Amino acid sequence: MLRRTQLFGRKTRVTFALPADHPTGTVSVVGDFNDWRPGLHEMRRRRNGTRTVSVILPPGIHRFRYLATGGLWFDDDTADHIDHHSSVMHL
């Protein structure tokens with residue numbers, strides 16, 4: 001799930017959220033905003049039963065996917081669009 005919060009100027013805080021137990025293991029958000037480098041934006045477990053990580057992004061089109069333990073890549077159903085490459089969000 002994606003949550004967008006408008007910040008000062010034209011930047012947006014995007015919070016990526018997943019259930020705490022699915023998929024199992026470590027999950028990172030990997031995208032054009034971090035040069036597709038796993039581990040840079042690793043999701044952390046929260047008390048409310050989710051895992052989240054927040055990233056501050058400029059306006060534009062941003063592509064991303066999730067990468068879980070074992071090399072499992074998956075997209076976000078709440079993204080603005082999903083194509084054959086990645087999830088897409090428009091800010």
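Above this text sits the structure in question.
Report follows, based on the coordinates.

The next thing to look at is the layout of surface pockets. Looking at the largest pocket, its volume works out to about 160 Å³. Every residue lining the largest pocket is counted, 13 residues in all, and those nearest its centre are Leu-18, Pro-19, Phe-74, Asp-75 and Asp-77. Sorting the residues of the lining of the largest pocket by element identifies β2 (12-19) and β7 (72-74) as the ones contributing at least two each. Here the lining of the largest pocket takes 3 residues from β2, the largest share from any one element. Its residues placed into classes, the lining of the largest pocket shows 8 nonpolar, 2 polar and 3 charged.

Bringing the pattern of salt bridges into the picture now. Applying the stated rule across the entire model yields 4 salt bridges. Between Glu-42 and Arg-44 there is a salt bridge whose closest N-O contact spans 3.1 Å. Between Asp-75 and Arg-65 there is a salt bridge, and its shortest N-O distance comes to 3.0 Å. Residue Asp-75 is located in the loop between β7 and β8 (81-82), and its partner Arg-65 is located in strand β6 (residues 61-68); the two are separated by 10 residues in the primary sequence.

This paragraph deals with the pairing of strand β9 (residues 87-90). As a general feature of sheets, a regular strand has side chains that alternate between the two faces. Sheet topology places β6 next to β9; 4 bridges connect them, and they run antiparallel. In the strand pairing of β9, Arg-63 is matched with Val-88.

Our next topic: the sheet that holds strand β1 (residues 2-6). With respect to topology, 4 strands assemble into an open sheet ordered β1-β2-β5-β4, the strand pairing being antiparallel. At either margin of the open sheet sits one strand with a lone partner, and together these are β1 and β4 (44-45). The sheet contact formed by β2 and strand β5 (residues 50-57) spans 8 bridges and is antiparallel. Residue pairing in the sheet places Phe-16 in a bridge with Val-53 of β5.

Criteria and thresholds
Residues numbered from 1 in each chain as written. Predicted model: local features only at pLDDT ≥ 70, side-chain atom pairs only at ≥ 80, totals over all residues. Heavy atoms only, no water. 1 Å grid on protein atoms, 1.4 Å probe; cavity = no way out; pocket = protein on both sides within 12 Å on 5 of 7 lines; lining within 4 Å. Points joined across faces, edges and corners; volume = space filled by probe spheres on them. Helix = DSSP H or I, 4+ residues; strand = E, 2+ residues; numbered from the N terminus. Nonpolar A, V, L, I, M, F, W, Y, C, P; charged D, E, K, R; others polar. Salt bridge = Lys/Arg side-chain N within 4 Å of Asp/Glu carboxyl O. Pairing = 2+ DSSP bridges.

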